[in-house]
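An overview of the molecular structure
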Amino acid sequence: MRVADNKTIIDEKINAACQKSGRNRNEITIVAVTKYVSVERATEAFEAGLYHLGENRDEGLLNKYTVLGDKPIWHYIGSLQTRKVKNIIDKVEYIHSLDRISLAEEIEKRATKPIKCLVQVNVSGEESKQGITPLETLSFIRNLDSFSNIQIAGLMTMAPLTEDENKLRACFKKLKELQKEVQAANMTHAPCMELSMGMSNDYTIAIEEGATMIRIGTALVGGES
Ligand SMILES: *Cc1c(COP(=O)(O)O)cnc(C)c1O
């Protein structure tokens with residue numbers, strides 16, 4: 001399928017989810033996750049009007065950046081090794097996987113301008129998942145207030161791998177609650193307007209629960225081959 005055709009289908013589902021939950025379509029950004037696909041396919045996505053692209057490895061990002069440059073808005077969405085920060089920091093607008101102070105320190109040191117970071121929260125508590133615990137989230141963010149190159153743009157989570165809609169919904173609701181807590185703390189470095197949640201299998205539920213960024217790979221550009 002052409003990316004444009006997949007996008008049409010997804011746009012319809014997004015619109016339906018927005019209608020169902022009384023949300024405005026303009027609040028939602030699709031991050032096209034190109035980590036599994038070629039530079040050509042990523043270019044096709046960009047040309048189909050998907051201006052936000054997400055990668056989870058520095059090699060993948062650099063490879064595509066060589067061709068597409070800074071025309072797309074680049075999102076780094078995967079676990080980020082501290083020593084890789086210097087490779088991507090001048091190319092990305094968003095980092096969705098801030099999950100430890102040592103990573104924040106490296107971003108602070110390497111960035112030449114404020115980077116929009118999302119704190120990755122392990123809401124589901126699965127051992128295999130990255131992210132800080134919900135309980136730690138507020139204090140983690142408070143501790144970043146002196147980091148001039150880090151702006152806490154929002155929170156990110158990966159839902160548990162399940163078809164159980166109630167479990168998915170509970171996970172997304174929890175992240176929304178946490179966002180409200182962070183916003184209530186009124187920290188200038190943490191406007192926390194974004195909620196990055198929802199992937200190919202669960203983005204409509206995520207939208208109903210307040211997602212502002214959905215990260216879609218498989219359903220949009222293709223998955224692991
Ligand atoms: C791969 C990936 C996605 C996209 O997953 P799909 O199921 O292919 O849509 C979203 N977020 C993160 C963090 C990923 O690593």
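Residues numbered from 1 in each chain as written. Predicted model: local features only at pLDDT ≥ 70, side-chain atom pairs only at ≥ 80, totals over all residues. Heavy atoms only, no water.

**Side note on the overall build of the chain**
Secondary structure summary: the chain contains eight helices and eight strands in total. Its C-alpha radius of gyration of 17 Å places the chain within 12% of the 17 Å reference for a compact globule of 225 residues. Judged by the C-alpha coordinates and their principal axes, the chain covers about 45 × 40 × 30 Å. Here the chain holds 225 residues, and 53% of them are scored as buried. Put simply, of all contacts in the chain between residues at least 6 apart along the chain, 54% involve residues at least 24 apart. For the chain, the exposed area adds up to about 10700 Å²; of that, 46% sits on carbon and sulfur atoms. In the chain, the 29 positive side-chain charges and the 31 negative ones have mean positions that sit 1 Å from each other. (Helix = DSSP H or I, 4+ residues; strand = E, 2+ residues; numbered from the N terminus. Rg over C-alpha atoms; globule rule 2.2 N^0.38 Å. Buried < 20%, exposed > 50% of the residue type's maximum accessible area, 1.4 Å probe, protein only. Contact = heavy atoms within 4.5 Å. Areas by Shrake-Rupley, 256 points an atom, 1.4 Å probe, with all protein chains shown as cover. Lys, Arg positive; Asp, Glu negative; His and termini not counted. Charge placed at Lys NZ, Arg CZ, Asp CG, Glu CD.)

**Comments concerning the site of the ligand**
Around the ligand sit Val-33, Lys-35, Tyr-36, Ile-77, Met-156, Met-158, Met-199, Ser-200, Arg-215, Ile-216, Gly-217 and Thr-218, and those are all the residues in its vicinity. Side-chain polar atom of Arg-215 to a nitrogen atom of the ligand: 2.8 Å apart, as the coordinates give it. Isolated, the ligand exposes 390 Å² of accessible area, and the fraction of that covered by the protein chains is 90%. When each cavity is represented as a set of grid points, the ligand is found to reside in the largest pocket. (Near = heavy atom within 4 Å. Polar contact = N/O pair within 3.5 Å; in protein donor to acceptor, adjacent residues only side chain to side chain. 1 Å grid on protein atoms, 1.4 Å probe; cavity = no way out; pocket = protein on both sides within 12 Å on 5 of 7 lines; lining within 4 Å. Sits in = over half its atoms within 2 Å of the grid points.)

**A closer look at helix H5 (residues 101-110)**
Along H5, the residues that are buried comprise Leu-103, Ala-104, Glu-106 and Ile-107. Looking straight down H5, one finds that the buried residues subtend no more than 160 degrees of arc, so they occupy a single side. In this structure, the buried residues of H5 make contact with helix H4 (85-88), strand E4 (94-98), strand E5 (115-120) and strand E6 (150-156). (Arc of directions from axis to C-beta.)

Any link to function would need more than the numbers given here.
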